[in-house]
Amino acid sequence: MPFTPADPDFVRRVRDNFARQRVMQTFGAELTRVEPGEVEIVLPFRADLTQQHGFLHAGVVITIIDSAVGYAAYSLMPPGHAVLSVEIKTNLLAPARGDRLVAIGRVVRAGRTLTVCLGEGWMEREDGREQVALMTATMIGLPDRE
């Protein structure tokens, strides 16, 4: 479903906000695509982000997808507003092994206060890609804080 952002300068606002998110810097994640109601974040595989079996840690996967759905919702917010996650549910579909995680967040329904989103996590490898996670999330829009 196509969405119309409340802010014509939404791409700059999303990118500026993402640049201030320290956890994304720590993980080395990159915001690769911003459209109205849809965002993509890429995280190159790093051994220091794995669990004991060498897979990208589930907490890292969930964090990246949570940011993708949050920024998808944020892309539709008016200036002076922010979003926070109020509920997330994640199905881990396969071990996260590969060269990079691609997280895609999409708005399903944008309400006045609550926005419902769908997030997907894909691990890409030389031989293709595999979906490793599926998230449903609810975001709340509220006045921005300094």
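Just above sits the structure.
Described below are features of the structure shown in this document. From a predicted model like this one, the values you see are computed outputs, not experimental measurements. (Residues numbered from 1 in each chain as written. Predicted model: local features only at pLDDT ≥ 70, side-chain atom pairs only at ≥ 80, totals over all residues. Heavy atoms only, no water.)

## Side note on the overall build of the protein
Rules: Per the convention used, a helix needs a DSSP run of H or I reaching at least four residues, while a strand needs a run of E reaching at least two, with both numbered from the N terminus. Each radius of gyration is computed over the set of C-alpha atoms, and the globule rule expresses the reference value as 2.2 Å times the number of residues to the power 0.38. Every residue pair with non-hydrogen atoms within 4.5 Å of one another is taken to be in contact. Accessible surface area values rest on a Shrake-Rupley calculation with a 1.4 Å probe, where residue burial reflects the displayed protein chains alone. All tallies of charge rest on Lys and Arg as positive and Asp and Glu as negative; His and the ends of each chain are not included. A charge is said to be at NZ when it belongs to Lys, at CZ for Arg, at CG for Asp and at CD for Glu.
Secondary structure assignment for the protein yields three helices and six strands. In sequence order, the secondary structure elements of the protein are arranged as α-α-β-β-α-β-β-β-β. For the protein, the C-alpha radius of gyration of 15 Å lies close to 15 Å, the compact-globule estimate for 146 residues. Nonlocal contacts in the protein, meaning residues at least 24 apart in sequence, comprise 63% of its contacts between residues at least 6 apart. A total accessible area of about 7800 Å² is found for the protein, and carbon and sulfur atoms account for 53% of it. Averaged over its 16 positive side-chain charges, the protein has a centre that lies 4 Å from the centre of its 18 negative ones.

## Section: the nonpolar core
Going by this rule: We define the nonpolar core as a collection of buried residues of types Ala, Val, Leu, Ile, Met, Phe, Trp, Tyr and Cys that are connected through side-chain atoms lying within 4.5 Å of one another. Note on classification: 1.4 Å probe, protein chains only; a residue is buried when its accessible area is under 20% of the maximum for its type, exposed when over 50%, partly exposed between these limits.
The biggest cluster of nonpolar side chains holds 39 residues, and the ones touching the most others in it are Ile-41, Leu-43, Leu-56, Ile-64 and Leu-101. Mapped by element, the contributors of at least two residues to this core are helix H1 (10-19), helix H2 (22-27), strand S1 (30-35), strand S2 (38-44), helix H3 (58-74), strand S4 (100-110), strand S5 (114-125) and strand S6 (128-143). Looking at which element gives the most residues to this core, the answer is H3, with 10 residues.

## Some words on the pairing of S2
Convention followed: For two strands to count as paired, DSSP must find a minimum of two bridges between them.
Burial analysis of S2 places six of its seven residues in the buried class, which makes it a mostly covered element. In sequence, S1 turns back onto S2 through a hairpin of two residues, with Gly-37 there showing a positive phi of about 80°. Both S2 and S4 contribute to a ladder of seven bridges, which runs antiparallel. Each bridged residue has a counterpart across the sheet, and for Val-42 the counterpart in S4 is Val-102.

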